[in-house]
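# Summary of the model geometry
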Amino acid sequence: MAFLAPSAAFYFIFVLLPIGQSGLYSFYDWPGVGPRADFIWFDNYIEAFQDPIFWRSLGNNFILVFASVGVQIPVGLALAMLLAAGLRGMRFFRAVFFLPVLMSTVAIGLLWIYIYNPNFGLLNAILGAIGLSNLERGWLGEPGTALYAVIAVVSWQWTPFYMILFFAGLTTIPVELYEAARMDKANAWQRFWWVTLPSMRGLIVTASILALMGSLKYFDLIFVMTEGGPSYKTELLATNMYRQAFTLFRFGYASAVAVLLLLISLTLTTAVLYWSRRTNGQNS
Amino acid sequence: MKHRKSKLSGSSDLSRRDALKLSAAAGIALPAGAGVLNMFGSSPAAAAEMSGSVEFWHLSNPAPAAVYTSSVERMRVAHPGVDLRAQSIQNDPYKTKLQVAMGADQPPDVFHSFGGGGVLKAFVDAGKVMDLTDVLAEDRFVDRFAPASAFDNMTWEGRTYAVPILVAGAFFYYDRDLFQRLGIKQWRTWDEFLAELHKMKENGLIPIALANKARWAGAFYYNYLVGRIAGFDFLPKVLSGEAKFDAPEVVRAGELLQDLAELDPFPKGFNGLAYDTGESRQLLYSGKAGMEMITNYFPGTAAREAPEYAKRIWFTPFPIIPGGADDGSGVIGGVSAAFAVSSSAEHPDAAIELLDFLTDATARDEFAEAGIVVALKGANPPDPLMKEHAKAFENAKSYQLYWDQFLPPALGQAQLDVSQSLLDFTTTPQAAADHMAAVAKTELG
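Anyway, here's the lowdown on the structure attached to this text. Residue positions are given per chain, counting from 1 as you read along its sequence in written order. Note on labels: chains are lettered from A, ligands numbered from 1, in written order. Confidence filtering applies because this is a predicted model: local features only for residues at pLDDT of at least 70, side-chain atom pairs given and counted only at 80 or more, and all residues used for totals across whole chains, interfaces and linings. As a convention, hydrogens and water are excluded, and side-chain values are obtained from all of the structure's heavy atoms.

### With respect to the packing of aromatic side chains
Any two of the Phe, Tyr and Trp rings considered here, Trp counted by its six-membered ring, make a pair once their centres fall within 6.5 Å; the pair's planes then place it as stacked at under 30 degrees, edge-to-face at over 60, or tilted in between. For the structure shown, the criterion picks out 63 aromatic pairs over all chains. Relative to W403 of chain B, the ring of F245 of chain B has its centre 6.0 Å away and its plane inclined at 45 degrees; by these criteria the two rings are tilted. Of this pair, F245 of chain B sits in the loop between helix 11 (234-240) and helix 12 (248-262) while W403 of chain B sits in helix 19 (residues 403-406); the two residues are 158 residues apart in sequence, bridging distant segments of the chain. Assigned by exposure class, F245 of chain B and W403 of chain B land together as buried. Connected via pairs of aromatic rings, a cluster forms that spans F172, W187, W190, F193, Y221, Y224, F232, F266, F270 and F318 of chain B. The ring centre of Y253 of chain A lies 4.6 Å from the NZ or CZ of R250 of chain A, which sits over that ring. Secondary structure follows DSSP: runs of H or I at least 4 residues long count as helices, runs of E at least 2 residues long count as strands, and numbering of each begins at the N terminus. Each residue's exposure class comes from its accessible area (1.4 Å probe, protein chains only) as a fraction of the maximum for that residue type: buried when under 20%, exposed when over 50%, partly exposed otherwise. Think of it as a cone above the ring: NZ of Lys or CZ of Arg counts as a charge over the ring if it is within 6 Å of the ring centre and within 35 degrees of the ring normal.

### Things to note about the interface of chain B and chain A
Contact criterion: two residues are considered in contact whenever any of their non-hydrogen atoms come within 4.5 Å of each other. With 33 residues of chain B at the contact, the number on the chain A side is 32 residues. Whenever Lys or Arg places a side-chain nitrogen within 4 Å of a carboxyl oxygen from Asp or Glu, that contact is recorded as a salt bridge. Our count for the contact surface shared by chain B and chain A stands at one salt bridge. E136 of chain A serves as the salt-bridge partner of K268 of chain B, at 3.8 Å between the closest nitrogen and oxygen. The definition of a polar contact used here is a pair of N or O atoms within 3.5 Å, where within protein one atom must be able to donate a hydrogen and the other to accept one, and adjacent residues in sequence count solely through side-chain atom pairs. The interface formed by chain B and chain A contains eight residue pairs in polar contact (both at pLDDT 80 or more). If you list the elements that add at least two residues to the side of chain B that touches chain A, you get helix 4 (91-103), helix 5 (119-125), helix 13 (281-285) and helix 20 (409-423) of chain B. Element by element, the count of residues in the side of chain B that touches chain A is highest for helix 20 of chain B, at six residues.

### What to know about the side chain of S336 of chain B
Residues and elements named next belong to chain B. Tracing the sequence through the fold places S336 in strand 10 (residues 331-341). One polar contact links S336 to Y297, side chain to side chain, over a distance of 3.1 Å. The contact partners of S336, leaving out residues within four places of it in the chain, are H112, S113, F114, L166, V167, A168, Y297 and Y402.

So, in structure tokens, the structure goes:
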């Protein structure tokens, strides 16, 4: 027990205590400087529920969740299976594919801002060069494309993370299972569906939970690439919170948004864990 | 021997930074004290040796930053006992950084401010800014600044909280040779302006370079239009309750703004281009765009980034709206850099000494050399472009500071939002005016 004390203390001071403080601040109307004087009960929460930007940012977070779980995880699995297939030179590609995860998020954001630049950037230049110049867009500046342009970069950064996770999982699947399946005349798709997927199930659920949590509190690339714009089309819960606290001098309201973000994440994550435990019990 | 934890002030513990500062100050004070003991026999000047530390934050626009740095160096030479630390920070990150520092009670001692009833007033109301009224009455400061209206945006209830240095305004900057080649004529009215934009488009130029991710660049147009139509005293009238944002003049300004946007004079994806990383200036330097509405820091920036282009820069004002309340001389701008002192500065004397160095005659002449217009008396810029700027400021019958600095934060942000949305047609002029009136009602009561 004594060995837990330092970690517990660390956890208490740097995680639990600030969460409690945020909860406290959320009941005040406080600009973030000066004394905390205006106790307003739940007004901040009521305002959040009535704020269209709050709901839009929640919607954007869910779009990000679907993109993470629906794109990053399948593509990560596909890449992992490619790497595990034993083709030549795959060790090299393993390193290369993993690079985006290692890069600084801000550096990635700036890099892609230049790639997406409508006038000088690589993307529009390539589209023009191959005769698709009618597809050229102001990627980060147009309301219709901004969110998806950033999500593409988020996926580029994080898919390799899931790829490595799944690769590790794939190497633990006993070869005998595949041999048995082959003896039963199973084709490639059937081997995937009946051997690979079930063996990877636990890992896929874990990865999905990571993707879910990460997407709900995501901040980095949106902040660097669009700052939540244009016209709040790419706003996320976290960027909204940041803006309320540090640009609009509304620390109390921002704390309320933070508490709501915490509650939403907790609820969804618990639900997913509960669902996965239940269906796991049924499948084994 | 067990040491009892020292019981310093109950509510706030001595932060590590404060403790370091204290020990640094003690480290400087002790030898200084020893020096005082040696005083009998050395000059009185040694006894007046200034000590302490000053943390100075300023914006990183290259031309004025060079003069600030030179002032800092001169002070270091004159007062080697002062630990003077200067940080040069980019425009948009600076606003956040200062806010956070203020909130965390670790503000810089001397810091840049735009003045205005928005950010600076919020800090003043929270008691974070030193009242400089008495300091400014001192001999060394009393006759230094001009015009008197330069203090307007930093004085409330007769007390002044910052010292004005730079005067700026937003104008259209363009390449003189390029416009001459294409036969672009000087405009006076709005229609003439639109006609010249058409001409630029026909010649394959992007008429206006605009990087509006941070929203203030596009807001200039809205601010000017409201000023030209409703007069440059519109905002003060709104703040005092005499006027409202859902006035027909504001709606008309929104309509004209969308007329401009409909011409498609801006670069593709302009609402996502960032000014700080040069995404609009690139277009000017490479000859792809005709002009940009930006503050008069631009020639200085261009001199460093594209010296060949910088030689061809000239400027022209925002067009007149016939029938509007302003005669075309009004300028969106005003004092664009002022320096304030934090009320918790540990060595206020040293901080004020820095203000002295930042605004003295040497600094004034360096600003003039660099072609920067200042609120200091006796400046005489040698450069014809800068002389033209000085004339424009002198002739301006009215000023309106950038709205996002002048208005309380929520209103300032609201106008940034609506102007960005008007430009990409995600809102209508009436809705924009109504939104601002609604925010004003909550903010101003």
